Amino acid sequence: MNIHDNEPWKLKSERVTLHWQTPILPELVLLIRMYVRRLASIVYFPFILNIVLCEEGKVQVDNISNGHYPPKNLRIALPDGPSVYQCVADAMPAPAFKWSREGLDLPSGVTPEGERGERLRFPDLTSDFNGQYSCEVTNPYGTRSQFIYRHIGKLQVDNISDGHYPPKNLRITLPDGPSVYQCVADAMPAPAFKWSREGLDLPGGVTPEGERGERLRFPDLTSDFNGQYSCEVTNPYGTRSQFIHRYVVDPAAPSKDEF
């Protein structure tokens with residue numbers, strides 16, 4: 001870019017990203033921003049500083065010149081129903097995964113699988129393994145965590161002689177990623193589905209879909225819709241519930257008056 005002192009209005013808008021290879025103190029970040037604003041006022045073009053503060057309080061670089069970056073876009077999928085959780089993340093280099101329950105070691109019988117421990121397998125569908133599970137994702141550029149809440153209830157009746165039975169084998173899947181939850185159950189006759197958040201009505205904008213309300217759609221990926229969601233499944237022979245904990249971290253963005 002050529003800067004002409006006599007024609008500053010001919011400059012094109014530029015988006016500039018500054019990169020550091022080492023952590024920076026928050027006080028230094030504020031000082032840098034102050035000088036950036038001053039620089040922008042002198043050369044007459046928008047100057048945007050991208051610095052991401054990771055959850056541990058250390059400054060991580062949003063983009064490294066060699067193409068490396070910390071974990072992002074975390075989600076927990078259920079590829080085989082509630083028997084297996086799979087933690088998915090975008091990171092370079094490839095991250096390591098560590099699972100825990102309620103911040104403690106995993107219960108006996110629950111085992112990580114996969115080349116880097118990204119999957120978690122449960123031996124059976126019982127309430128013994130209920131609780132909040134955390135997947136911690138780490139590479140040399142940062143650490144992020146995602147959570148899922150597991151709740152398995154007891155069947156009221158296992159089998160009815162006329163071939164009818166209450167809901168069982170409940171699970172919540174994410175067929176299109178975190179934008180849609182789908183509640184799946186085996187029941188005869190076909191059940192009705194009812195969603196709630198923290199035992200209350202759904203927040204505005206979150207809408208059930210499907211013939212029997214089995215799907216739940218979120219309008220966008222923001223922390224406004226975080227919380228524990230419950231899918232209640234009912235037919236004439238019984239009621240079962242399944243839970244999932246939603247946790248979305250809003251992307252860091254500079255305010256309009258900062259630059």
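Up top is the structure.
Residues numbered from 1 in each chain as written. Predicted model: local features only at pLDDT ≥ 70, side-chain atom pairs only at ≥ 80, totals over all residues. Heavy atoms only, no water.

## Some points on the overall build of the protein
- Helix and strand content of the protein: one helix and 18 strands.
- With 259 residues in all, the protein has 36% of them scored as buried. (Helix = DSSP H or I, 4+ residues; strand = E, 2+ residues; numbered from the N terminus. Buried < 20%, exposed > 50% of the residue type's maximum accessible area, 1.4 Å probe, protein only.)

## Description of the sheet that holds strand β13 (residues 180-188)
- A sheet is described by the order of its strands in space; here four strands give the open sequence β11-β13-β16-β15, paired in antiparallel fashion. Looking at the sheet topology across the chains shown, the edges are occupied by β11 (165-173) and β15 (207-209). On average, adjacent strands in this sheet sit at an angle of 25 degrees to one another, irrespective of strand direction. (Pairing = 2+ DSSP bridges. Axes fitted to C-alpha atoms, helices over the stretch in contact; angles between N-to-C directions.)

## Structural notes on the pattern of salt bridges
- Scanning the model with the defined rule gives four salt bridges in all.
- For E118, the salt bridge goes to R119, with nearest N and O atoms at 3.8 Å.
- Judged by its relative accessible area of 12%, E118 is buried.
- Here R215 makes a salt bridge to E214, at a shortest N to O gap of 3.8 Å.
- Note on E214: relative accessible area 12%, which makes it buried. (Salt bridge = Lys/Arg side-chain N within 4 Å of Asp/Glu carboxyl O.)

## Concerning the sheet that holds strand β18 (residues 238-246)
- One open sheet accounts for three strands, arranged β14-β17-β18; its pairing is antiparallel. The outermost strands of the open sheet, each flanked by one partner alone, are β14 (192-197) and β18. Along the sheet, successive strands turn relative to each other by an average axial angle of 20 degrees, direction set aside.
- Relative to β18, strand β17 (residues 227-235) runs antiparallel, the two being bridged by nine bridges. Opposite Y229, over in β18, you have I244 as the bridge partner.

## Here we look at the pairing of β17
- Note that β14 and β17 share six bridges and pair antiparallel. Residue F193 lies in a different strand from β17, and its bridge partner there is V233.
- Counting the residues that bridge the hairpin from β17 to β18 gives two residues.

## Comments concerning the pairing of β13
- Relative to β13, β11 runs antiparallel, the two being bridged by five bridges. Among the inter-strand pairings, I172 is bridged to a residue of β13, identified as C183.

## Quick look at the state of the cysteines
- Evaluation of the coordinates by the stated rule reveals two disulfides.
- Here C87 engages in a disulfide with C135; their sulfurs sit 2.2 Å apart. On the sign convention where negative means left-handed, the S-S torsion of about -105 degrees between C87 and C135 marks this disulfide as left-handed. Placement of the pair is C87 in strand β5 (residues 84-92) and C135 in strand β9 (residues 131-139), with a sequence separation of 48 residues.
- Residue C183 pairs covalently with C231 via a disulfide, S to S 2.1 Å. On the sign convention where negative means left-handed, the S-S torsion of about -105 degrees between C183 and C231 marks this disulfide as left-handed. Highlighted residues: C183 in strand β13 and C231 in strand β17, separated in sequence by 48 residues.
- Overall, the relative accessible area of 3% leaves C183 in the buried class.
- Residue classification places C231 among the buried positions, given a relative accessible area of 0%. (Disulfide = S-S within 2.5 Å.)

## Some details on the nonpolar core
- Counting 30 residues, the largest nonpolar core has Y85 and Y181 as the members making the most contacts within it.
- Within the residue set of this core, elements represented by two or more residues are β3 (69-77), β5, β6 (96-101), β9, β11, β13, β14 and β17.
- Leaving out residues up to four positions away in the same chain, Y85 has contacts with I76, A77, L78, W99, E118, R119, L120, F122, I148 and R150. (Core = buried A, V, L, I, M, F, W, Y, C linked by side-chain atoms within 4.5 Å. Contact = heavy atoms within 4.5 Å.)

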